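Chain by chain, the residues run as shown.
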Amino acid sequence: MTEEIEKNPQEKPSEKKRFQIQINRGYCKSCGICYWVCPTHAIGKGKLQEPIVASMDACIGCGQCERLCPDFAINITARPTTDEEKVILNG
Ligand code: SF4
Ligand code: SF4
């Protein structure tokens, strides 16, 4: 007798969370703290020491940049996962 092993949905590897990085240029004074503290280099150094979003997908949502920015110029928010996007698109 063969027994089918039912997969436990709890054990399904969860999809990687994604985050959106928003930098408010009006507040930023290019101090560089955000790109020095970012552990994944999602934020990098641009021209004239300005922070740039180097790789949105590299952001792990740790919030270090947002917490340490002295000018409250960064907002990190969750982006929908691809599965969630499919649900939104299909209604
Ligand atoms: S920490 Fe804030 S003020 Fe400093 S470079 Fe980054 S966004 Fe600009
Ligand atoms: S939340 Fe963390 S990983 Fe994302 S940009 Fe800021 S410091 Fe980098």
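Residues numbered from 1 in each chain as written. Chains lettered and ligands numbered in written order. Predicted model: local features only at pLDDT ≥ 70, side-chain atom pairs only at ≥ 80, totals over all residues.

**Description of the overall build of the protein**
A tally of helices and strands in the protein yields three helices and four strands. Secondary structure of the protein in N-to-C order comes out as β-α-β-β-α-β-α. Within the protein, the fraction of its 91 residues that count as buried is 13%. Across the protein, contacts joining residues at least 24 apart in sequence account for 54% of those joining residues at least 6 apart. (Helix = DSSP H or I, 4+ residues; strand = E, 2+ residues; numbered from the N terminus. Buried ≥ 20, exposed ≤ 12 C-beta atoms within 10 Å, placed from the backbone. Contact = placed C-beta atoms within 7 Å.)

**A word on the environment of Ala73**
With respect to the secondary-structure elements, Ala73 resides in the loop between helix 2 (64–68) and strand 4 (74–79). Note: C-alpha distance between Ala73 and Tyr27 (46 residues apart in sequence) is 5.3 Å. Not counting residues up to four positions away in its chain, the partners in contact with Ala73 are Ile23, Asn24, Tyr27 and Cys28.

**Side note on the environment of Cys34**
Relative to the assigned elements, Cys34 resides in helix 1 (residues 33–37). Considered as a pair, Cys34 and Leu68 are 34 residues apart in the sequence and their alpha carbons are 7.2 Å apart. In contact with Cys34, other than residues within four places in its own chain, are Ile43, Pro51, Cys65, Cys69 and Ile74.

**Describing the site of ligand 2**
Of all residues adjacent to ligand 2, which total 16 residues, the nearest are Cys38, Ala42, Cys59, Cys62 and Cys65. Of all the secondary-structure elements, those providing two or more residues to the shell around ligand 2 are strand 1 (18–23) and helix 2. In the shell around ligand 2, the residues fall into 12 nonpolar, four polar and no charged. (Near = placed C-beta within 6 Å. Nonpolar A, V, L, I, M, F, W, Y, C, P; charged D, E, K, R; others polar.)

**Some thoughts on the site of ligand 1**
Near ligand 1 you find 13 residues, and of these Cys28, Cys31, Ile33, Cys34 and Cys69 are the closest. Its residues placed into classes, the shell around ligand 1 shows nine nonpolar, two polar and two charged.

**Points about the nonpolar core**
Generally speaking, nonpolar side chains in soluble globular proteins are found buried as a group. Counting 11 residues, the largest nonpolar core is built from Ile21, Cys34, Tyr35, Cys38, Ala42, Ile43, Cys59, Cys65, Cys69, Ala73 and Ile74. Ignoring sequence-local partners within four residues, the contact set of Cys38 consists of Ile43, Gln64 and Cys65. (Core = buried A, V, L, I, M, F, W, Y, C linked by C-beta atoms within 7 Å.)

**Some details on unusual backbone geometry**
Unusually for a residue other than glycine, Ser30 sits at a positive phi of about 60 degrees. You can see Ser30 is positioned in the loop between strand 1 and helix 1. According to the C-beta neighbour criterion, Ser30 is partly exposed, with 17 such atoms within 10 Å. Although it is not a glycine, Leu48 adopts a positive phi angle of roughly 55 degrees. Considering the arrangement of structural elements, one finds Leu48 in the loop between strand 2 (43–45) and strand 3 (51–53).

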